[in-house]
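Overview (structure and organization)
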Amino acid sequence: MPQDKKAVSRPGASSTLSVLRKHPIFSDLDPEAFDQLCRYAKHTTLKRGTTIVSKGDPGNSLIAVISGTVKISVTSADGRSAILNLIGPGEIFGEVAVLDGHARTADATANTNCEIYVIDRRDFIPFVRSQPALAMKFIELLCTRLRWTSDQVEEVILQNLPGRLASALLRLTEKHKLAPAGRTIAVTQQEISEMVGMTRESINKQLRVWAARNWVRLEHGAIVVLDAESLQELAEAGSGNEGD
């Protein structure tokens, strides 16, 4: 993965590093500790479609997204893909492998043009050991990730298509803390289909039904949630013909 070694001194670096500062993991670090962390951060810009890490790669770095979106996914031997998460600005990923030192558990790909910071494990692990409160923050983050994954598994196993799709849309709006008046999710129907394990055609058909009811609005490369309450009721129902 190509890296800009002059990350911290480059023009605009302080503003991009401020995005990292706002992450709940790092927000409580004292200024001196945060400055030390920033000295470890290597800046990288990536074009859409660039592979950042592949499943099975060594877990040798923590990665923070400054702009753009990173897709976390897995691919089967026959070429089918499943999207596990979409990581946006101000979020981090790769924490599992960087903490235990084992191989990456999924692929990470630049879903759009991206700007990221990479922190090497050789720098990061000693830093975490020197900051006990930071270690607790990472435990909380791992718990959040586990809950997210458990919800996804539950939806795929127990919910029908309308319930799965409603849950996925609501989870994405909550994840990015979108304002009720403008719940625009920058996600394609193909990406949604890979999240919920259904065909794009099925997703498109269901979304058009909801668009006719003014529950959602379909835009190029995005879905706008207009009626979260109705989607929530459908997600909680989980089955039946309510969304057909």
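Below is a summary of the structure that appears in this document. Remember, it's a predicted structure, so these values are computed and weren't measured experimentally.

1. A few points about the overall build of the chain
Within the chain one finds nine helices and eleven strands. Classification of the 244 residues of the chain by burial places 46% in the buried group. Considering only intrachain contacts with a sequence separation of at least 6, the fraction spanning at least 24 residues in the chain is 72%. When the accessible surface of the chain is totalled, it reaches about 12,700 Å², and 53% of it is carbon and sulfur.

2. Some words on the layout of surface pockets
Taken as a whole, the second largest pocket spans an internal volume of roughly 480 Å³. Lining the second largest pocket are 20 residues, with Ile 72, Glu 95, Val 96, Thr 105 and Arg 145 sitting closest to its centre. When contributions to the lining of the second largest pocket are tallied by element, the ones reaching two or more residues are strand E5 (81-87), helix H3 (95-100) and helix H5 (132-158). Sorting elements by how many residues they give to the lining of the second largest pocket places H5 first, with six residues.

3. Quick notes on the packing of aromatic side chains
Evaluated as defined, the whole model comprises three aromatic pairs. Ring plane angle 80 degrees and centroid distance 6.3 Å describe the contact between Tyr 40 and Phe 127, whose orientation is recorded as edge-to-face. Of this pair, Tyr 40 sits in helix H2 (residues 31-40) while Phe 127 sits in helix H4 (residues 121-129); the two residues are 87 residues apart in sequence, bridging distant segments of the chain. Note on accessibility: Tyr 40 and Phe 127 belong to one class, buried. Taking 6.0 Å as the distance between ring centres and 35 degrees as the angle between the ring planes, the aromatic pair formed by Trp 210 and Trp 215 counts as tilted. When its relative accessible area of 11% is taken as the criterion, Trp 215 is described as buried.

4. Focus: the pairing of E5
Pairing of strand E4 (residues 70-75) with E5, which is carried by six bridges, proceeds in the antiparallel orientation. Note on E5: the bridge partner recorded for Lys 71 is Leu 86. What sits between E4 and E5 in their antiparallel hairpin is a turn of five residues, with Gly 79 showing a positive phi close to 95 degrees.

5. Let's talk about the sheet that holds strand E6 (residues 92-93)
The strand order across the open sheet formed by four strands is E1-E8-E3-E6, and the pairing between neighbours is antiparallel. Edge strands, defined here as strands with exactly one partner in the open sheet, are strand E1 (41-46) and E6. Strand direction decides the pairing type here: E1 and strand E8 (residues 114-120), joined by six bridges, are antiparallel. Bridging across to E8, Leu 46 finds its partner in Cys 114. Contacts between H4 and the sheet are confined to strand E3 (61-67) and E8, with E8 contributing the most and set at about 65 degrees to the helix.

6. What about the pattern of salt bridges?
Considering all chains together, one arrives at five salt bridges under this definition. Note that Asp 28 and Lys 137 form a salt bridge whose closest N and O atoms lie 3.1 Å from each other. One end of the pair, Asp 28, is in the loop between helix H1 (13-21) and H2; the other, Lys 137, is in helix H5, and 109 residues separate them in sequence. A relative accessible area of 59% means that Asp 28 is categorised as exposed. Among the salt bridges present, the one from Glu 219 reaches Arg 217, with a minimum N-O distance of 3.1 Å. For Arg 217, a relative accessible area of 39% gives the class partly exposed.

About the criteria used
- Residues numbered from 1 in each chain as written.
- Predicted model: local features only at pLDDT ≥ 70, side-chain atom pairs only at ≥ 80, totals over all residues.
- Heavy atoms only, no water.
- Helix = DSSP H or I, 4+ residues; strand = E, 2+ residues; numbered from the N terminus.
- Buried < 20%, exposed > 50% of the residue type's maximum accessible area, 1.4 Å probe, protein only.
- Contact = heavy atoms within 4.5 Å.
- Areas by Shrake-Rupley, 256 points an atom, 1.4 Å probe, with all protein chains shown as cover.
- 1 Å grid on protein atoms, 1.4 Å probe; cavity = no way out; pocket = protein on both sides within 12 Å on 5 of 7 lines; lining within 4 Å.
- Points joined across faces, edges and corners; volume = space filled by probe spheres on them.
- Phe/Tyr/Trp six-rings, centres within 6.5 Å; stacked < 30°, edge-to-face > 60°.
- Pairing = 2+ DSSP bridges.
- Axes fitted to C-alpha atoms, helices over the stretch in contact; angles between N-to-C directions.
- Salt bridge = Lys/Arg side-chain N within 4 Å of Asp/Glu carboxyl O.

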